[in-house]
Amino acid sequence: FLSLSTALLFRSSSLIRPLAVQKKDRDCPYLITAKIHATPSNYAGSGSKAASLHWTGERILSVVLLGLAPVAYYYPVPAVDYTLAAALTLHGHWGLGQVLTDYVHGDFKIKMANAGLFLLSTVTFAGLCYFNYHDVGICKAVALLWSK
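Residues numbered from 1 in each chain as written. Predicted model: local features only at pLDDT ≥ 70, side-chain atom pairs only at ≥ 80, totals over all residues. Heavy atoms only, no water.

Peer 1: Could you clarify how one ought to interpret the packing of aromatic side chains in this entry?
Peer 2: Describing an aromatic ring pair means giving the distance of the ring centres and the angle of the ring planes. One pass over the structure, following the stated rule, counts two aromatic pairs. Centroid distance Tyr73 to Tyr74: 5.0 Å. Interplanar angle 85 degrees. Geometry classified as edge-to-face. With respect to burial, Tyr73 and Tyr74 carry one shared label: exposed. Centre to centre, the rings of Tyr73 and Trp146 are 6.5 Å apart; their planes meet at 45 degrees, and the pair counts as tilted. Of the two residues, Tyr73 is situated in helix H2 (residues 50–74) and Trp146 in helix H5 (residues 138–147); the sequence distance between them amounts to 73 residues. The exposure classification of Tyr73 matches that of Trp146, with both residues exposed. One aromatic cluster is present, formed by Tyr73, Tyr74 and Trp146 through successive ring pairs. (Phe/Tyr/Trp six-rings, centres within 6.5 Å; stacked < 30°, edge-to-face > 60°. Buried < 20%, exposed > 50% of the residue type's maximum accessible area, 1.4 Å probe, protein only. Helix = DSSP H or I, 4+ residues; strand = E, 2+ residues; numbered from the N terminus.)

Here it is as structure tokens:
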């Protein structure tokens, strides 16, 4: 299963699947084809590598967050706290940015949603840094939550 899904995920060609649609004046369905792109490069403009690099950056950040979990548990130092603050904020910013891309339409609405997202991300990062500096920090706070 893994090799099949990996092959489908990294194919350079698009998948073509039949789609049944009913015509209004007839009762019998007929088939049309719909292209489903399986690679991130198909979403970008021709020759643009920005989408591919962004996708790669998201995956690298996810792996870094997985690696930071045991480091934060065994070495709860301020450097790890601030690294977690930055990584978690960036991860949330990119994730909510994708939600906005999918569900917000219209130029004005997109601009307002992106401004709100940048404000939210800035406040989140500042709050986490404030918490790290003036309180116990992210690592020790999570440890305290688990200890009770």
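So, next bit.
Peer 1: Hey, could you run me through the UniProt feature "binding site: a ubiquinone" (unreviewed entry) in the chain in this one?
Peer 2: UniProt's feature table lists "binding site: a ubiquinone" (unreviewed entry) at Tyr103, given in the numbering used throughout. With respect to the helices, strands and loops of the structure, Tyr103 is situated in helix H3 (residues 78–103). By relative accessible area, Tyr103 is classed as exposed at 64%. (UniProt positions renumbered as here; feature names shortened; annotations may be inferred.)

Peer 1: Explain helix H4 (residues 107–134) to me, please; I cannot follow it from the model alone.
Peer 2: Residues separated by three or four positions in an α-helix point in the same direction, a consequence of the helix having 3.6 residues per turn. Under the 1.5 Å per step criterion, the end-to-end length of H4 is 40 Å for 28 residues, consistent within 8% with the ideal 40 Å. All buried positions along H4 are accounted for by Ala113, Leu117, Ser121, Cys129 and Asn132. Turning to H4, the residues buried within the fold contact H3 and H5. (Expected span 1.5 Å × (residues − 1). Contact = heavy atoms within 4.5 Å.)

Peer 1: Looking at this structure, how should I read a nonpolar patch on the surface?
Peer 2: On the surface, a nonpolar cluster with roughly 940 Å² of combined accessible area is contributed by Val71, Tyr73, Tyr74, Tyr75, Val77, Val142, Leu145 and Trp146. Taken together, the elements giving at least two residues each to the nonpolar patch come down to H2 and H5. By secondary structure assignment, the location of Val77 is in the loop between H2 and H3. (Patch = residues over 30% accessible without salt bridge, like charges linked within 9 Å, V, L, I, M, F, W, Y side chains within 5 Å. Areas by Shrake-Rupley, 256 points an atom, 1.4 Å probe, with all protein chains shown as cover. Salt bridge = Lys/Arg side-chain N within 4 Å of Asp/Glu carboxyl O.)

Peer 1: What am I meant to see in the side chain of Ser121 here?
Peer 2: In this structure, Ser121 sits in helix H4. The buried category is assigned to Ser121, whose relative accessible area is 13%. Setting aside chain neighbours within four positions, we find Ser121 in contact with Thr89 and His93.

Peer 1: Sorry, what's going on with H5 here?
Peer 2: Every buried residue belonging to H5 is among Ile138, Cys139 and Ala141, and all of these are buried. Down the axis, H5 shows its buried residues gathered within 165 degrees of arc, on one side only. For H5, the secondary structure elements touched by its buried residues are H2, H3 and H4. (Arc of directions from axis to C-beta.)

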